[in-house]
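Fold and geometry: a report
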Amino acid sequence: MEMDFERCYRAVDSRDQRFDGWFYTGVTSTGIYCRPSCPAITPKRQNVRFFPSAAAAQGAGLRACRRCRPDAAPGSPLWDVRADVVGRAMRLIADGVVDRDGVPGLASRLGYTERHLHRMLRAEMGAGPLALARAQRAQTARILIETTDLAMAEIAFAAGFGSVRQFNDTLREVYASAPSDLRTARGRQQAPAGAGTISLRLAYRPPLHARALLDFLAVRALPGVEAVRDGTYHRGLRLPHGTGQVALTPTDGHVAATLRLADLRDLAPAVARCRRLLDLDADPAAIDATLAADPALAPAITAEPGIRVPRAVDGFEQAVRAIIGQQVSVTSARTTLTRLLTTHARVEHEVDVVEEDRIPGQPHDQRDELRGFLSAEDLLVLPDPAFGMPVGRREALRGLARAVVDGSVDLAAGVDREEAVRRLLALPGIGPWTANYLAMRAFGDPDVLLSSDLAVRRGAAALGLPDTPQTLDRYAERWRPWRSYATIRLWRAA
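Report on the accompanying structure. (Residues numbered from 1 in each chain as written. Predicted model: local features only at pLDDT ≥ 70, side-chain atom pairs only at ≥ 80, totals over all residues. Heavy atoms only, no water.)

Observations regarding the overall build of the chain
- Each helix and strand in the chain was counted, giving 23 helices and nine strands.
- On C-alpha atoms alone, the chain measures out to a radius of gyration of 23 Å, which is about the 23 Å that the 2.2 N^0.38 rule sets for 494 residues.
- Considering only C-alpha atoms, the chain reaches an extent of 70 × 70 × 45 Å along its principal axes.
- The buried share among the 494 residues of the chain stands at 53%. (Helix = DSSP H or I, 4+ residues; strand = E, 2+ residues; numbered from the N terminus. Rg over C-alpha atoms; globule rule 2.2 N^0.38 Å. Buried < 20%, exposed > 50% of the residue type's maximum accessible area, 1.4 Å probe, protein only.)

Listed below in structure tokens is the structure:
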């Protein structure tokens, strides 16, 4: 979105929450910055500046509004559409790459020099990678202060700060409050029970068709990894510093999230992955407006506004699911995946038993806890009988795992989508359907149409649309740049 003053000011004047996350409103007379939807009195034009990021507003010396909490706004949907270097950088920063690997690590992942990356981010976001990561650390620290009883020093390092002094200075600058004052402002609210347990709200732009998301995830849920119960999605996570579990409950205006983390440094990446899974940064008004212009889709959009694309918390997991799901039903793929995970859990449990014999008093695993999906390294050590599938498909999985381990294939959120698809297609056993399915669900491409998919073709026929791949591809040009969302709607029509 271009920072056109009149357009931005009209959004602020109407308190239009659709623009939250697109830009931030700086009020020079009060020294604060807000969401466009902030309920405060609309500031005078001469006192307003607009910023493309919270970090840019902070760099201008403004502090976050305590009323609307602009740092907790949904992310911009712009990067899903553009998928350029800046968009990839923003996804990687959200996943904590700068905190773990520094700016050199981020630049290396993107294939640019640090100087050029800094220049691009400054031009687009009004702030460099360090400032953007710093703004995220401040938000993570505030969440930990308000939702846990951890000591401030523990929070400082869990949020990614290099020192307690840096932590104190940053929070005073961003929130105009000392960390202890933020905790006092929490009042008598009790922190969640259990070490490493954090509760927070994940904002989104309405509408959100929560039932469609939960239905999609429920039918594909893998025992021991994920479950949908009473309107809440539960799953285990593999995170950079350890494991975790999350419970996500869609409600009116936000998704309630409860996270249990083995290492609190994983809070920011866990939140980013949960947001990505539920597609919470999408702009449903823009998507539905484009698709509703087609009379064939308009009735479904009126009946079910806010359909999202269920994405992924783990690119490798999604790739394994896609390969196993080639030309078989969802139920059959789920059965095969369950057998694979059961074998892995049995092998891992045998190792745990050996470790317990060597270390007396070590507690047993909680068998009812959800765990993250197996890693590429885990898959490579499984014996042939664990796969329960044709040899070609088994070797395709192993070829993928080897490519991920040696780094020749990257399945992370900040990947170059076109390059990732090209490298996937070069692997044996991976064709266009699998690569494009991953582009849609693992890489977040909003403009993928799986025209050769049988369920998509059935859905197209049910709506009276062309139902051969070639004719459907031509027809779907009118759905750009939201063909992934049209794919989900065609699946529902089928």
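Quick look at the packing of aromatic side chains
- Counting across every chain of the model gives eleven aromatic pairs.
- Ring centres 6.3 Å apart and planes at 55° place the aromatic pair Y437 and W491 in the tilted group. Taken together, the residues Y437 in helix α20 (residues 432-441) and W491 in helix α23 (residues 483-493) connect sequence positions 54 residues apart.
- Looking at Y437, the relative accessible area reads 8%, which means it is buried. (Phe/Tyr/Trp six-rings, centres within 6.5 Å; stacked < 30°, edge-to-face > 60°.)

A word on the pairing of strand β1 (residues 24-27)
- The alternating pattern of β1 places Y24 and G26 on one face and T25 and V27 on the opposite face, and all of these are buried.
- Of the strand pairs in this sheet, β1 and strand β3 (residues 48-51) are connected by four bridges, and their pairing is antiparallel. Looking across to β3, one finds that G26 is bridged to R49.
- Between the end of β1 and the start of strand β2 (residues 32-34), which pair antiparallel, lie four residues, with G31 showing a positive phi angle near 75°. (Pairing = 2+ DSSP bridges.)

Thoughts on a nonpolar patch on the surface
- Residues L380, V381 and V405 make up a contiguous nonpolar surface patch of about 250 Å² in total accessible area.
- Tracing the chain through its elements places V381 in the loop between α17 (376-380) and α18 (391-406). (Patch = residues over 30% accessible without salt bridge, like charges linked within 9 Å, V, L, I, M, F, W, Y side chains within 5 Å. Areas by Shrake-Rupley, 256 points an atom, 1.4 Å probe, with all protein chains shown as cover. Salt bridge = Lys/Arg side-chain N within 4 Å of Asp/Glu carboxyl O.)

Describing empty space enclosed by the protein
- Counted under the stated rule, the structure contains three cavities of 30 Å³ or more.
- Counted as a void, the largest cavity has a volume near 100 Å³.
- Elements represented by at least two residues in the lining of the largest cavity include exactly α11 (210-219), β7 (232-239) and α15 (315-324).
- Among the elements that take part in the lining of the largest cavity, α15 stands out by supplying three residues, more than any other.
- Considered class by class, the residues forming the lining of the largest cavity number six nonpolar, one polar and eight charged. (1 Å grid on protein atoms, 1.4 Å probe; cavity = no way out; pocket = protein on both sides within 12 Å on 5 of 7 lines; lining within 4 Å. Points joined across faces, edges and corners; volume = space filled by probe spheres on them. Nonpolar A, V, L, I, M, F, W, Y, C, P; charged D, E, K, R; others polar.)

A closer look at the pattern of salt bridges
- Applying the stated criterion across every chain yields a total of 38 salt bridges.
- Close ionic contact of R211 with D215 constitutes a salt bridge, the shortest N to O distance being 3.5 Å. Highlighted residues: R211 and D215, both in helix α11, separated by four residues, approximately one helical turn.

Overview of α15
- Most of α15 is tucked away, with ten of its ten residues classed as buried.
- Looking only at α15, the buried set comprises G315, F316, E317, Q318, A319, V320, R321, A322, I323 and I324.
- Its side-chain oxygen 2.9 Å from the backbone nitrogen of F316, D314 forms the N-cap of α15. (Polar contact = N/O pair within 3.5 Å; in protein donor to acceptor, adjacent residues only side chain to side chain.)

A look at the side chain of H209
- Relative to the elements of secondary structure, H209 occurs in the loop between β5 (197-203) and α11.
- The class of H209 is buried, set by a relative accessible area of 11%.
- H209 has contacts with E304, P305, G306, I307 and R492, leaving out every residue within four places of it along the chain. (Contact = heavy atoms within 4.5 Å.)

What to know about helix α5 (residues 97-110)
- Here α5 spans only 11 Å end to end across 14 residues, well under the 20 Å set by a 1.5 Å rise per residue.
- Every buried residue belonging to α5 is among V97, V98, V103, G105, L106, A107 and L110, and all of these are buried.
- Lining the buried residues of α5 we find α4 (85-94), α6 (114-125) and α7 (129-147).
- Trailing α5 by a residue or two, G111 shows a phi angle of about 80°, which is positive. (Expected span 1.5 Å × (residues − 1).)

Some words on the sheet that holds strand β9 (residues 254-261)
- If you walk across this open sheet you meet the five strands as β5-β9-β8-β7-β6, and the pairing is antiparallel. Each end of this open sheet is capped by a strand with a single partner; those strands are β5 and β6 (226-229). On average, each strand axis in the sheet is inclined to that of its neighbour by 20°, with strand direction left out of account.
- Sheet analysis places β6 next to β7, joined by four bridges and oriented antiparallel. (Axes fitted to C-alpha atoms, helices over the stretch in contact; angles between N-to-C directions.)

A short note on the sheet that holds β3
- Strand order across the open sheet formed by four strands is β3-β1-β2-β4, with mixed pairing between neighbours. With one partner strand each, in any of the chains shown, β3 and β4 (63-64) form the two edges of the open sheet.
- Sheet topology note: the β1/β2 ladder contains three bridges and is antiparallel. The residue bridging V27 from the neighbouring strand is I32, located in β2.
- Its contacts with the sheet put helix α1 (residues 5-13) on β1 and β3, and the angle it makes with β3 is roughly 100°.

Overview of the pairing of β5
- Counted residue by residue, β5 has five buried out of seven residues, so it is predominantly covered.
- Pairing geometry for β5 and β9, over seven bridges, is antiparallel. Bridging across to β9, T197 finds its partner in R260.

Side note on the nonpolar core
- If you look at the biggest cluster of nonpolar residues, it comprises 65 residues, and the most contacted ones within it are L291, V320, L400, L424, F443 and W479.
- Per element, the largest residue contribution to this core is six residues, and it comes from α15.
- Each residue touching W479, except ones within four places of it in the same chain, is listed here: T290, L291, D294, L297, L449, L465, L472, A486 and L490.
- Judged by nonpolar contacts, the second largest core, of 50 residues, contains Y24, F51, I143 and I155. (Core = buried A, V, L, I, M, F, W, Y, C linked by side-chain atoms within 4.5 Å.)

As for the environment of L370
- One can find L370 in the loop between α16 (330-358) and α17.
- Separated by 135 residues in sequence, L370 and R235 place their C-alpha atoms 5.9 Å apart.
- Excluding residues that lie within four positions of it along the chain, L370 makes contacts with G224, V225, E226, A227, H234, R235, G236 and Q245.

What about unusual backbone geometry?
- Of the consecutive residues P206 and P207, the connecting peptide bond is found in the cis state with omega at 0°.
- Note the cis peptide between R480 and P481, where omega equals 0°.
- Among the structural elements, P481 can be located in the loop between α22 (469-475) and α23.
- Phi at A83 takes a positive value of approximately 55°, unusual for a residue other than glycine.
- Considering the arrangement of structural elements, one finds A83 in the loop between α3 (78-82) and α4.
- Looking at A83, the relative accessible area reads 24%, which means it is partly exposed.
- The phi torsion at D230 lies on the positive side, around 55°, for a residue other than glycine.
- Checked against the element boundaries, D230 lands in the loop between β6 and β7.

Geometry only, nothing functional implied.
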